[in-house]
Amino acid sequence: MATARNPAELIRPLITPEGVDLRVKLADAGTRASAFLLDVVIIVAAAIAVTLVVIFGLGGLGVKEAEPLFIVWIIFIFLLRNVYFIAFEAGRRAATPGKRIVGVRVASRSGAGLTIDQVIARNLMREIEVFLPLSIIAARGGAGVADTLSTVFGLVWALLFSLFLLFNRDRLRIGDLLAGTWVVETPKFKLVEDLSQRKDPVDKRFHFSPEQLDAYGIAELHKLEEVLRRDDYSAMKAVAEIIGRKIGAKVEPFDSKAFLTAYYGDLRAHLERKLLLGNRKADKHAR
Amino acid sequence: MTLPAGTDAVRQSLASFRHEREADWKAFEALLARVENRAPRTLSEDELLSLPLLYRSALSSLSVARATSLDSALIAYLEALSLRGYFYLYGARRSLRQRVGDFFLRDWPAAIRDLWRETWVSVGLTVIGAIAGYWLVASDKRWYDAIIAPSLAGGRNPDSSAEVLRSVLYDGGSSHFLSGFAAYLFTHNTQVAILAFALGFVFAVPSVLIILMNGCMLGALFQVYAAKGLGLELGGWLSIHGTTELFAIALAGAAGMRIGTRIAFPGELTRMAAAAQAGRVAATVMVGVMMMLLFAGLLEGIGRQTITSDAARYAIGGGMLALWIAYFYLFRMVRHGNG
């Protein structure tokens, strides 16, 4: 089974017509499941709300007068389930409210715009993947004819189809497979400050020799950036100790942040200079 | 100063790169947030024109940043911004109304014409199923219960008297229960249609079985009535909505078969690409099928119990069938004739 231990496994190239690779990240199975569950909660809540309104609003009506509304209700519940996904995914955001909350959207695997027939195809398949076996079980249970065998069969069916996306590299449901779509993450990042521009009065005290700056590469730089942005005192203290030991510098614990900021700034400028000269030093092992 | 010369200059130029472009990124972000929430027409003309320019500027910033900067937060920001812009600018290019209009004028009939071969097979299977069902029930009436679920039979079975059978066909103008039954049948038939479509990917075998079974039910019911001399009347009762409904189910089966056969015999494409291509045609057909079934449900709920003359029933049923066939298969020629 393909598990996504390594996040890079879920990154796929997406070349825009301008020739830039945007490197989309596919949504992992857990994200997909939580989005789907959120949608189910919304649909069920809407169905219950409408049903309650209908029951209370029509309390005065007799059975005969209420009959046509009963038909409307049956059709409404059916349409709610079927139209909800299609209408939202055909919209501008290409995502249902559940998908929007967890930050994913549907996209065409070819990179072209998502067409309405793709959205329809992937959502009609959901009917058979999940809703149909479950509603058959519910109907049989309601009629009192549910036996263990058919219930187990229905559940296994639904599980097998829901778990289908775990068994392929691109996290495709059967519906995605037929529609030529996949589900990608649409992260929203704020533009944050550039750490190397941070002015710290203390870090003027720190100066590093080229040998000290050669100790690390880009991978370590990015880790250091993470630590600095998280701004956690004990983590910074530990990292400052390790770096100090490696490059042979004495660091007082209360100076950790200033030391790391100064080292980050100088290391980045050093590596960026190398980058301009054509040497991308991937990590500390690279020359 | 022990640092190599130029380090500070690199730092300065990268800072000014960000400083100079930052306003563009912010403007693009704000504009995207607006167009994602509201219709594009709320933008002024200038803003609309600036959208692709800002998008390209963000893309070029991304390329520069990837090549020269090691600020991973900045690159992540630019990647996310460019992706949002890409999806917006290269996403749905037409408004929903245009797409719906296109669907009815072009996509739907074209998809159904595309499936003509499968449709013939599907209709043929229904006929074969009907003949088999008729023959089975005629040879042994116990087959009837096996073919038609008691909950769908509605009290009609080979042992019913002619009066009971006749009453189902002509009574019920006042009965509200039957209109609820029509709605139930609508959802039931839709599920049969979805099943016939969606199970198609297993090399079309389940689709074929479902269509055969549907034909069987028809034949079995017909035999019960024909045995009591009510065959013509049942034909009228069924045809008022049945022509639409059976046609829809046949199309759903055809859609399922298309997917199954394309997966089994993908031709020059890869199996995945062939499945995706067939899936999209089939899905377009299926939305139309849903609408046909809704229409059939309406005809059934309103027309079946209120119109009790056989001639009128046959006329409506035949008319509907002619209408569908003209719309799907003949409409194209008219349009070609007009250029």
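Okay, so let's go over this structure. (Residues numbered from 1 in each chain as written. Chains lettered and ligands numbered in written order. Predicted model: local features only at pLDDT ≥ 70, side-chain atom pairs only at ≥ 80, totals over all residues.)

1. Observations concerning the overall build of chain A
The condition is simple: The way it works is that DSSP assigns letters per residue, a run of H or I at least four long becomes a helix, a run of E at least two long becomes a strand, and they are numbered from the N terminus. Counting other C-beta atoms within 10 Å of its own, a residue is labelled buried from 20 upward, exposed at 12 or fewer, and partly exposed in the gap between, with every C-beta atom placed from the backbone. Contact definition: two residues whose C-beta atoms, as placed from backbone geometry, lie within 7 Å.
Helix and strand counts for chain A come out as 10 helices and 4 strands. Taken from N to C terminus, the helices and strands of chain A fall in the order β-β-α-α-α-β-α-α-α-β-α-α-α-α. Here chain A holds 287 residues, and the buried ones make up 30% of them. The long-range share in chain A, meaning contacts at least 24 apart out of those at least 6 apart in sequence, stands at 66%.

2. Some points on the interface of chain B and chain A
Facing 62 residues of chain B, the contacting portion of chain A comprises 60 residues. Elements that contribute at least two residues to the side of chain B that touches chain A include exactly helix H1 (7-37), helix H2 (45-68), helix H3 (72-90), helix H9 (177-198) and helix H12 (271-306) of chain B. Considering each element in turn, the side of chain B that touches chain A owes the most residues, 13 residues, to H3(B).

3. Considerations on the pairing of strand S4 (residues 181-185) of chain A
Residues and elements named next belong to chain A. As a reminder of what qualifies: In short, DSSP must find at least two bridges between two strands for them to pair.
S4 sits mainly inside the fold: 4 of its 5 residues count as buried. As defined by bridge partners, strand S3 (residues 104-108) adjoins S4 across 5 bridges and the pair is classed as antiparallel. Its bridge partner being in S4, Arg 105 is matched across the sheet by Val 184.

4. Topic: the packing of H2(B) against H3(B)
Packed helices, taken two at a time, are described by the angle their axes make and the gap between the axes. Residue and element names in this part refer to chain B. Stated formally: In this analysis, axes come from line fits to C-alpha atoms, helices being fitted only over the stretch in contact, and the angle between any two N-to-C directions falls in the range 0 to 180 degrees. The hand of a helix crossing depends on one turn: near helix anticlockwise from the far one by less than a right angle means left-handed, and clockwise means right-handed. Charged means Asp, Glu, Lys or Arg here, nonpolar means Ala, Val, Leu, Ile, Met, Phe, Trp, Tyr, Cys or Pro, and polar covers whatever is left, Gly included.
Taken N-terminus to C-terminus, the directions of H2 and H3 make an angle of 145 degrees; their axes are 9 Å apart at the nearest point. As for the relative orientation of H2 and H3, their crossing is left-handed in sense. Across from Leu 51, Pro 52, Tyr 55, Ala 58, Leu 59, Ser 61, Leu 62, Ala 65 and Arg 66 in H2, the residues of H3 making contact are Leu 74, Ile 75, Leu 78, Glu 79, Leu 81, Ser 82, Gly 85 and Leu 89. A per-class count over the contact of H2 with H3 returns 12 nonpolar, 3 polar and 2 charged.

5. Describing the packing of helix H8 (residues 218-230) of chain A against helix H9 (residues 233-247) of chain A
Residue and element names in this part refer to chain A. Orientation of H8 relative to H9, taken along the N-to-C sense of each, is 145 degrees, at an axis distance of 8 Å. Here H8 runs over H9; the crossing is left-handed. Counting all contacts with H8, which are made through Leu 224, Val 227 and Arg 230, the residues of H9 involved are Ala 235, Met 236 and Val 239. Grouping the amino acids of the contact of H8 with H9 by side-chain chemistry returns 5 nonpolar, no polar and 1 charged.

Interpretation in functional terms is not warranted from these geometric data alone.
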